[in-house]
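Examination of the molecular architecture
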Amino acid sequence: MSAPTLTTDTRPDPSAPGSALTQRRSRPGEVAFRLAMQACLVIAFGVLAALLAWVLVKGWNRLDSRLWTEMPTGLVSRLDGAGVQSALVGTLWIISLVAVICLPIGILSAIYLEEYADNTRWYNRLLELNIQNLAGVPSIIFGILGLGIIARTLGLGFTIITAAIVLSLLVLPVVIIASREAIRAVPQSIRQASYALGASKWQTVYRQVLPSAVPGIATGSILALSRAIGEAAPLIVLGAVTFITFNPDGLDSRYTALPIQIYTFITRSQAEYTELAAGAIVLLLAIVLAMNSIAIFVRNRFEKRW
Amino acid sequence: MTYQPLHRRSPHDSEVTTVNHPDTTTRPGVNIAGTGAQRTGMRQPDVAAPVMELSGVSVYYGEYEAVRGTSMPIQEKQITAMIGPSGCGKSTILRSLNRMNDLIPGARVAGSVTYHGQDLYAKDVDPIEVRRRIGMVFQKPNPFPKSIYDNVAYGPRVTGMKVANMDDLVEKALRDAALWDEVKDKLKTSGLALSGGQQQRLCIARTIAVRPEIILMDEPCSALDPIATAKIEDLMFELSDNYTIVIVTHNMQQAARVSHYTAFFTAEVDERQERHGRLVEFSQTGKLFTNPADKRTEDYITGRFG
Amino acid sequence: MTTSTSNAGSAAGSALRRGRRRPVDSIVKVLLVAAALVSVVTTVGIVIALVQPTIEFFQQVSIVEFVTGTSWTPTFAQKAYGVLPLVGATLVVTAIALAIAVPLGLGSAIYLSEYANPRTRKVLKPIIELLAGVPTVVYGFVALFALNPLLQKWWPTDNGPAFQNLLIAGIAMGIMIVPTIASISEDSMAAVPRSLREGAYALASTRMQVSTRVVVPAAISGIVAAIVLGISRAVGETMIVTIAGGLTSDRIVLNPLEGAATMTAFIANISSGDIPVGSLDYDSVFAVGALLFLITFALNAVSIRMVRRFREVYE
């Protein structure tokens, strides 16, 4: 293998005829690099998969109907017959309430920002910046917001509606950002065709833009909801770490949710609680992963490629 | 249709001329004044000395045969043009000359492409060594988002060229690409800050810096304005003193102005309504444009189709 | 003839000028603005919620002690309110998490973007996005009950990891952040135009050279944004550190084998108990919360700025 000779001449190198092509330079660095990159993927996700499998094994004995037919208990002696029904129902209540509160506000905000707001104006740019910032605020801070203002100042107390409001505000940026992207992806030509036919702005949005943006909006909404039901930190600050052995019976009811219940079990030292916690985790994971899978499926299947 | 070449200095005339030769065709067609075959002082090899030879080359994308059975020589230190309507495989064949088709999953080359007698697609041939000797300039200028200096120095660095003085090498490459005077004071600024024509010359400079024997050009001027185009065409004349050049072009007049040999491709539609590219005619440029052997060639150059 | 057309003309013209009254449009616009204002109200609410108790806190504790004190013992008999132990623990956990997440995340992204075949990528990318949605309480659980016992069993020396320690919290957090960094970095690399890669391959580059010398530098803005996002998540994360990180806050702990409370863990732990409203302990929650908010606000500002500055690379 001849390397080009030392020269700054830029004319073709006479020392490198065609036959030199066949001496394939061995490049061990290349192979090592590829293996290293692949190893990163394998290690990161392999470890994660292993940990999730461990949880599954740990909670295996608890994966039966007791989980959703029985209430939790604080007595070790009663653990055998215990479940997490109150937490499960609480979580379902929360999904519903957050959906009702957060989705309309988020989608309407996105419509405003994409279709109506003139983003050369400073207040609209500030609005955008604010949403981007909120997306990065730690979830526990939202708990503090709930504690200070919603529960106390507004007098809503440590109830399920407070939890729903707090979680709605937490995932609002997710809905807004995803919906904005979906709306932005609709081509201008569709809007212009609608205007040219004499439609008003709202008619155009409502009849042309939104229907086309539905898959992206749906995906963002489902992801937001699944994030909301996995959060425990804000609820801890909202005083939800107590034993609740009843299902919510109204908006002003005390409540518990799966992540909180799991946390409560973890803080107990007895091994049986660990098993129950693992079982509850599997249940929570099943719900969250199912929701996320649906969201991703919706996006991949229905996303319009213009 | 007649063609008036630009008023510019042809490197092969001793003074500035307005080239205006009488129409030498007997039918309305391209006025091929100024083609390589008619120039005086042009280096003509006594014996055809092909540096590359294509023999029965077909390129497949999966099952689809994009180009069929192409056979033609690439003559050393000459400019070979490939012309024809869109979608007839010119770029595909060009890319098979430096194994760029390897980067497309499912692409396959049948037939033989030899370089100095060596089969380019033999099992033990290193495609990276191939590309060191056979460089490529693309249709849309694609400088790296790095400084001008780093763009030119990139090739020598990654191929491990032992360079006594990189500054000298960069200057030489930029001079040979007719760009030095315009950028010598701003070598550290971004390559993307240049105009389109300058970017393309930068791409040529960095290709030269690796000291290839052959330079492939895939419609290098189609994204440029006429003045930038003229500069690049002049550059091609100068480069062909030292390098073999193969150029794909949509612009018939450009091929007529610039090249020594021309290959005309067309697309055939088979029974299944699929298009396959095919080489129709290959000869010296003067002959192809004044007295084409194939009726399809004649139809194309006289503008009856394509 | 002419009269009637001119009449029709003027009627049509005046119809244009009259315009159709569309009350729906005005109502809609009001609704939309109101919706958008909710996010503003949220931020204002957060600030108000934090400010009042924080001010009360600093009426009793000097800012100097807060910022420079090395002991945080609000629940001890001997009360001290120096926040550095909490900040220190946050930094240690974040550093460990990043040391794991950045190499693994970037490496995964490079593999997916430059080496994996399209079918593999199509299967793996959704899986990675799925895994990014695993709730953090799960990571806390496995850190405490799976990772730590494993670590303790295999630890070569005697002074092994404590029951709760910053190391397992950091490791678990790192694994949690990997999907985020990998996903965003991979998007950023995929956005690098193909023409740039082709140009590099045409210059006789190997795949490793194209990846490291062309693609990663071109995608660096997105990669840095991903890393800053990872930092922000690590700093603000609560459940992992509360469950597995530890409780100590009476001194600055830098040894990752020991347990210590981070800012978020402190807030969570105190809130789990009963604290009388208006007491100093109650206010301390808000003071630490305010500090946390300021830190993540600064991180977010940096991230947003950086993305915007480098976005002009191609355009």
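Because the structure is predicted, anything quoted here is derived from the model rather than measured.

What follows deals with the overall build of chain C. Broken down by element type, chain C carries 13 helices and 0 strands. Along chain C, helices (α) and strands (β) appear in the sequence α-α-α-α-α-α-α-α-α-α-α-α-α when read from the amino end. Against the 2.2 N^0.38 benchmark of 20 Å for 315 residues, chain C shows a C-alpha radius of gyration of 28 Å, more extended than a compact globule. Projecting the C-alpha coordinates of chain C onto the three principal axes gives extents of approximately 110 × 65 × 35 Å. Per-residue burial for chain C yields a buried fraction of 53% across its 315 residues. Restricting the contact set of chain C to residue pairs at least 6 apart, pairs at least 24 apart contribute 72%. As presented, chain C carries roughly 14,000 Å² of accessible surface, and 65% of it is formed by carbon and sulfur atoms. Computing the positive centroid from 22 side-chain charges and the negative centroid from 17, chain C places the two 18 Å apart.

Residue-level contacts link 24 residues of chain B with 19 residues of chain C. Where chain B abuts chain C, roughly 1,800 Å² becomes buried across the two surfaces, and 66% of that area is made up of carbon and sulfur atoms. The largest share of the area that chain B buries against chain C comes from Ile128(B), Tyr154(B) and Val158(B), three residues that together contribute 27% of it. Taken together, the connections running from chain B to chain C amount to 1 salt bridge. Among the ionic pairs, Arg95(B) bridges to Glu198(C), the shortest N-O distance being 2.9 Å. The tally of links between chain B and chain C comes to 5 residue pairs in polar contact (both at pLDDT 80 or more). Of all the elements in the fold, those that place two or more residues in the side of chain B that touches chain C are α2 (127-133), β6 (134-137), α3 (148-158) and α6 (196-208) of chain B. A per-element tally of the side of chain B that touches chain C places α3(B) first, with 4 residues.

So, about the packing of aromatic side chains. On inspection of all chains with the given rule, the structure shows 19 aromatic pairs over all chains. Ring geometry for Phe141(C) against Phe145(C): centres 5.0 Å apart, planes inclined by 50 degrees, an arrangement best described as tilted. Taken together, the positions of Phe141(C) and Phe145(C), both in helix α6 (residues 136-154) and 4 residues apart, correspond to about one turn of that helix. An aromatic cluster is defined as three or more aromatic residues linked by ring pairs; in this entry it consists of Phe57(C), Phe58(C), Phe66(C), Trp72(C), Tyr81(C) and Phe266(C). One cation-aromatic arrangement involves Lys201(A) over Tyr116(A); the distance from NZ or CZ to the ring centre is 5.3 Å. The ring centre of Phe144(B) lies 4.4 Å from the NZ or CZ of Arg206(B), which sits over that ring.

With that settled, the discussion passes to the side chain of Arg201(B). Residue and element names in this part refer to chain B. Structurally, Arg 201 can be placed in helix α6. You can call Arg 201 buried: its relative accessible area is 5%. Setting aside anything within four residues of it in sequence, one finds Arg 201 in contact with Ala 177, Ala 178, Leu 179, Glu 182, Lys 231, Ile 232 and Leu 235.

With that out of the way, let us pick up a nonpolar patch on the surface. Side chains of Trp122(A), Tyr123(A), Leu126(A) and Leu129(A) sit close together on the surface and give an oily, nonpolar patch of about 450 Å² of accessible area. As for its position among the elements, Leu129(A) is in helix α4 (residues 122-134).

Here we take up the side chain of Thr264(C). Here Thr264(C) is to be found in helix α12 (residues 263-272). Residues contacting Thr264(C), with those up to four places away along its chain left out, are Ile140(A), Val235(C), Gly236(C), Glu237(C), Thr238(C), Val241(C), Thr242(C) and Leu292(C).

Time to look at the sheet that holds strand β5 (residues 118-119) of chain B. All names here are of chain B. Taken in spatial order, the 10 strands make up an open sheet running β5-β4-β1-β2-β10-β9-β3-β8-β7-β6, and their pairing is mixed. Of all the strands in the sheet, the pair left with one neighbour each is β5 and β6. Relative to β5, strand β4 (residues 107-115) runs antiparallel, the two sharing 2 bridges. Directly across from Tyr 115, in β5, lies its bridge partner Gln 118. Sheet strands in contact with helix α1 (residues 90-97) are β1 (50-61), β2 (64-75), β3 (79-83), β4, β6, β7 (214-218), β8 (244-248) and β9 (261-269), and its direction is about 120 degrees off that of β1.

Residues and elements named next belong to chain B. Both β3 and β9 contribute to a ladder of 4 bridges, which runs parallel. Looking at β9, one finds that Thr 80 is bridged to Tyr 261. The hairpin formed by β9 and strand β10 (residues 275-284) contains 5 residues between the paired strands, and Gln 273 there has a positive phi angle of roughly 65 degrees.

With 91% of its residues at a pLDDT of 70 or more, chain C has an overall mean of 87. Model confidence for chain C, summarised as mean pLDDT per element, is weakest for helix α1 (residues 2-18) of chain C at 56 and strongest for helix α4 (residues 84-115) of chain C at 95.

Another aspect to go through is α1(B). All names here are of chain B. Judged by how many residues are buried, α1 sits mostly within the fold: 7 of 8 residues are covered. Those residues of α1 not exposed but buried are Lys 90, Thr 92, Ile 93, Leu 94, Arg 95, Ser 96 and Leu 97. Once α1 ends, the next one or two residues include Arg 99, with phi positive near 60 degrees.

Residue and element names in this part refer to chain C. For Pro 161, the location among the structural elements is in the loop between α6 and α7 (166-190). The spacing of Pro 161 and Pro 126 is 35 residues in sequence and 36 Å in space, taken between C-alpha atoms. Residue contacts for Pro 161: discarding those within four places in its chain leaves Asn 148, Leu 151, Gln 152, Trp 155 and Leu 257.

Quoted interface sizes are often the accessible area lost when the parts come together. Listed per partner, the contact involves 78 residues of chain C and 71 residues of chain A. Summed over both partners, the interface of chain C with chain A comes to about 6,500 Å²; 79% of that surface belongs to carbon and sulfur atoms. Among the residues chain C hides against chain A, the three largest losses belong to Leu32(C), Tyr111(C) and Phe141(C). Together they make up 10% of the total. Inspection of the chain C/chain A interface yields 1 salt bridge. Between Glu129(C) and Arg299(A) there is a salt bridge whose closest N-O contact spans 3.3 Å. Put simply, chain C and chain A have 11 residue pairs in polar contact (both at pLDDT 80 or more) between them. Sorting elements by how many residues they give to the side of chain C that touches chain A places helix α2 (residues 23-60) of chain C first, with 18 residues. Broken down by class, the residue content of the side of chain C that touches chain A amounts to 50 nonpolar, 22 polar and 6 charged.

Before going further, it helps to examine helix α5 (residues 118-131) of chain C. Between its terminal C-alpha atoms α5(C) stretches 20 Å, which fits the 20 Å expected from 14 residues at 1.5 Å a residue. Here the buried face of α5(C) lies against α1 (28-58) and α11 (271-302) of chain A together with α4, α6 and α7 of chain C.

This part takes up the packing of helix α3 (residues 85-116) of chain A against helix α6 (residues 160-184) of chain A. For any two helices packed against each other, one specifies the inter-axial angle together with the distance between the axes. Residue and element names in this part refer to chain A. Relative orientation of the contacting elements α3 and α6 amounts to 40 degrees, with a least axis distance of 6 Å. When the axis of α3 is compared with that of α6, the two are oblique. The two elements α3 and α6 meet at a crossing, and its hand is right-handed.

Moving on: the pattern of salt bridges. Throughout the structure, instances matching the rule amount to 31 salt bridges over all chains. Across the pair Glu115(A) and Arg191(A) runs a salt bridge, and its minimum N-O distance is 2.8 Å. With a gap of 76 residues between them, Glu115(A) in helix α3 and Arg191(A) in helix α7 (residues 188-196) connect regions that are remote in the sequence. Put simply, Arg180(A) and Glu128(A) hold a salt bridge, and the shortest N to O gap is 3.3 Å. Taken together, the residues Arg180(A) in helix α6 and Glu128(A) in helix α4 connect sequence positions 52 residues apart. If you follow the salt bridges from partner to partner, you end up with Glu65(B), Arg68(B), Glu268(B), Arg278(B), Asp294(B) and Arg296(B) in one network.

Our next topic: unusual backbone geometry. If you check the backbone angles, Arg211(B) has positive phi at about 60 degrees while not being a glycine. Mapped onto the secondary structure, Arg211(B) falls in the loop between α6 and β7. Looking at Arg211(B), the relative accessible area reads 5%, which means it is buried. One non-glycine residue, Ala204(C), lies in the positive phi region at around 65 degrees. Residue position: Ala204(C) is located in the loop between α8 (194-202) and α9 (207-218).

The rules behind each value
Residues numbered from 1 in each chain as written. Chains lettered and ligands numbered in written order. Predicted model: local features only at pLDDT ≥ 70, side-chain atom pairs only at ≥ 80, totals over all residues. Heavy atoms only, no water. Helix = DSSP H or I, 4+ residues; strand = E, 2+ residues; numbered from the N terminus. Rg over C-alpha atoms; globule rule 2.2 N^0.38 Å. Buried < 20%, exposed > 50% of the residue type's maximum accessible area, 1.4 Å probe, protein only. Contact = heavy atoms within 4.5 Å. Areas by Shrake-Rupley, 256 points an atom, 1.4 Å probe, with all protein chains shown as cover. Lys, Arg positive; Asp, Glu negative; His and termini not counted. Charge placed at Lys NZ, Arg CZ, Asp CG, Glu CD. Buried area = accessible area lost by both parts, 1.4 Å probe. Salt bridge = Lys/Arg side-chain N within 4 Å of Asp/Glu carboxyl O. Polar contact = N/O pair within 3.5 Å; in protein donor to acceptor, adjacent residues only side chain to side chain. Phe/Tyr/Trp six-rings, centres within 6.5 Å; stacked < 30°, edge-to-face > 60°. Lys NZ or Arg CZ within 6 Å of the ring centre and 35° of its normal. Patch = residues over 30% accessible without salt bridge, like charges linked within 9 Å, V, L, I, M, F, W, Y side chains within 5 Å. Pairing = 2+ DSSP bridges. Axes fitted to C-alpha atoms, helices over the stretch in contact; angles between N-to-C directions. pLDDT = per-residue confidence, 0-100. Nonpolar A, V, L, I, M, F, W, Y, C, P; charged D, E, K, R; others polar. Expected span 1.5 Å × (residues − 1). Parallel < 35°, antiparallel > 145°, perpendicular 65-115°, else oblique. Left-handed = near helix turned anticlockwise from the far one by under 90°.

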